[in-house]
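Residue-level structure breakdown
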Amino acid sequence: MFYRQKILLALIELCGGKLSNTDLEKLLFLFCQIAKENYYDFFPYKYGAFSFISYYDKHKLMEKGLLKNVEHFEVATGVSYLDKLESKDRIALRSFVYRMARFRGQELLRKSYLEYPQYASKSGIAKTVLTQEEYYKVSSFWRFETQPGLFTIGYEGSSIDHYLCRLLMNNIIVLIDVRKNPFSRKHGFSQNGLQAYVEKVGIQYYHLPELGVTTHLRKNLNGKQSYEKLFDYYTSIILPSQAPSLDKIKQLLLKYRRVALTCFEAEYQMCHRHKIAEFFELDKSLDIPINHI
């Protein structure tokens, strides 16, 4: 069992063994912020801070018989997962739940919106939860950049929630997957899963495998020289032969203005996506900045 799942179960346990979906999300979010630990990552969604992984874990825990198969979050056994936490987390979680005892429903939503306004930017109910003055204050933090830009992003080291947060905070409209083989053992990053997740948050997804790098070219990449050799080959041989895909990216840039290229590597210098970005940086007809997020 992942440690994060023990945190989730212990939180529900301390709250009487049952929490509504929204209360669970907001309490889990606030605890992670206060503890300064990303047991779960979150992104701005329909009701504020949200984690797809928490729901993925919910179904896994239901399969194990640790949560009841119901709409809300409810423990199904008498086993105490609070006792299975590290001492510092057990103490912190007890203190947190005690202090949050009176916050549920709209009051809990209101607290999370006021304290972390950037996560309320996609909320469809903020106006009903907050007073007019509070809404004005909270919405002043919602700065949606609209200047044209080509971005690149890798998912190495990120959960799907953290990855989505990076896209949303940068107001990405279109995500272009430039992996040759878009498969991943990490939840949420194989093609079908990634497409489903990004489209749920309102981002368009495209896959351009022609711009990817085949597996045999990635063998024996073990130093700066080998990477430079690969990228020289990619720039001189692969990119010039992919005019239709490159034109597709250009058309998406012209239409949607904020487009991101995605692949695996966290460091863009170690990924072919930065060579695609450089190609468009040299296109004087576009004149757009390149941002690696």
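Now for a description of the structure that goes with this document. Please read these numbers as outputs of a predicted model, since none were measured by experiment. Within any chain, residue numbers begin from 1 and follow the written order of that chain's sequence. Given that the model is predicted, a residue must reach a pLDDT of at least 70 before its local features are reported, and side-chain atom pairs must reach 80 or more before they are shown or counted; all residues, however, enter totals for whole chains, interfaces and linings. The side-chain values count all of the structure's non-hydrogen atoms but skip hydrogen atoms and water molecules.

1. Concerning the overall build of the chain
Of the regular secondary structure elements, the chain holds 13 helices and nine strands. Using a 1.4 Å probe on the protein chains alone, a residue whose accessible area is under 20% of its type maximum counts as buried, one over 50% counts as exposed, and one in between counts as partly exposed. Counting only residues that meet the buried cut, the chain has 48% of its 293 residues in that class. Within the chain, counting contacts between residues at least 6 apart in sequence, those at least 24 apart form 69% of the total. Summed over its atoms, the accessible surface of the chain is roughly 15,000 Å², and 50% of this surface lies on carbon and sulfur atoms. Under the DSSP-based scheme used, a helix requires at least four consecutive residues in state H or I and a strand at least two consecutive residues in state E, with every element numbered from the N terminus. Contact between two residues is taken to exist if any of their heavy atoms lie within 4.5 Å; hydrogens are not considered. Working definition of accessibility: Shrake-Rupley area with a 1.4 Å probe, residue cover restricted to the visible protein chains.

2. Examining the state of the cysteines
Disulfide assignment relies on a single distance test, namely cysteine sulfur atoms paired within 2.5 Å. Within this structure, the stated rule accounts for zero disulfides. In this structure Cys 15 is a free cysteine whose sulfur lies 13 Å from that of Cys 32, the closest cysteine sulfur available. Considering cysteine sulfurs only, Cys 271 is the nearest to Cys 263, which forms no disulfide, with 3.8 Å between them.

3. Topic: the packing of aromatic side chains
Each Phe, Tyr or Trp ring, with Trp reduced to its six-membered ring, pairs with another whose centre is within 6.5 Å; inter-plane angles below 30 degrees give stacked pairs, above 60 give edge-to-face pairs, and intermediate values give tilted ones. Tallied over the full model, the rule gives 21 aromatic pairs. With 4.4 Å between their ring centres and 10 degrees between their planes, Tyr 155 and Phe 189 make a pair best called stacked. Separated by 34 residues along the polypeptide, Tyr 155 in the loop between strand S5 (149–154) and helix H8 (160–169) and Phe 189 in the loop between strand S6 (174–177) and helix H9 (191–200) bring together distant segments of the chain. Like Phe 189, Tyr 155 is buried. Ring pairs connect the aromatic residues Phe 43, Tyr 45, Phe 50, Phe 52, Tyr 55, Phe 73 and Tyr 197, which therefore count as one cluster. Sitting above the plane of the Phe 73 ring, Lys 58 keeps its charged end 4.6 Å from the centroid. Geometrically, a charge over a ring is one whose NZ (Lys) or CZ (Arg) sits within 6 Å of the ring centre while staying within 35 degrees of the ring normal.

4. Let's talk about the packing of helix H2 (residues 21–35) against helix H5 (residues 105–115)
It is at 10 Å that the axes of H2 and H5 come closest, and there the two elements cross at 35 degrees. The element H2 and its partner H5 pack so that their crossing is left-handed. Taking contact as the criterion, the partners of Thr 22, Asp 23, Lys 26, Leu 27 and Leu 30 in H2 are, on H5, Gly 105, Leu 108, Leu 109, Lys 111, Ser 112 and Glu 115. Class assignment of the residues belonging to the contact of H2 with H5 gives a composition of four nonpolar, three polar and four charged. Geometry is summarised by axes, namely lines fitted to C-alpha atoms with helices restricted to the contacting stretch, and by angles between N-to-C directions that run from 0 to 180 degrees. Each helix crossing is assigned a hand: it is left-handed if the near helix lies turned anticlockwise from the far helix by less than a right angle, otherwise right-handed if that turn is clockwise. Just so you know the grouping, Ala, Val, Leu, Ile, Met, Phe, Trp, Tyr, Cys and Pro go in nonpolar, Asp, Glu, Lys and Arg go in charged, and all remaining residues, Gly too, go in polar.

5. Comments concerning the pairing of S6
Across the two faces of S6 the burial is the same, with Val 174 and Ile 176 and Leu 175 and Asp 177 all buried. Relative to strand S7 (residues 204–207), S6 runs parallel, the two being bridged by four bridges. Bridged to Leu 175 within S7 is Tyr 205. Where S6 and strand S8 (residues 258–263) come together, four bridges link them in parallel fashion. Considered in S8, the bridge of Asp 177 is made with Thr 262. When DSSP finds two or more bridges between a pair of strands, those strands are recorded as paired.

6. Side note on the side chain of Asp 283
Mapped onto the fold, Asp 283 is located in the loop between helix H13 (273–281) and strand S9 (290–292). The exposure class assigned to Asp 283 is buried, which follows from its relative accessible area of 18%. Looking at Asp 283, its side chain comes within polar contact range of the side chain of Ser 285, at 2.5 Å. Polar contact criterion, stated in full: a pair of N or O atoms within 3.5 Å, where within protein one must be able to donate a hydrogen and the other to accept it, and residues adjacent in sequence count only if both atoms are side-chain atoms.

Such coordinate-based values are descriptive only and should not be taken to indicate function.
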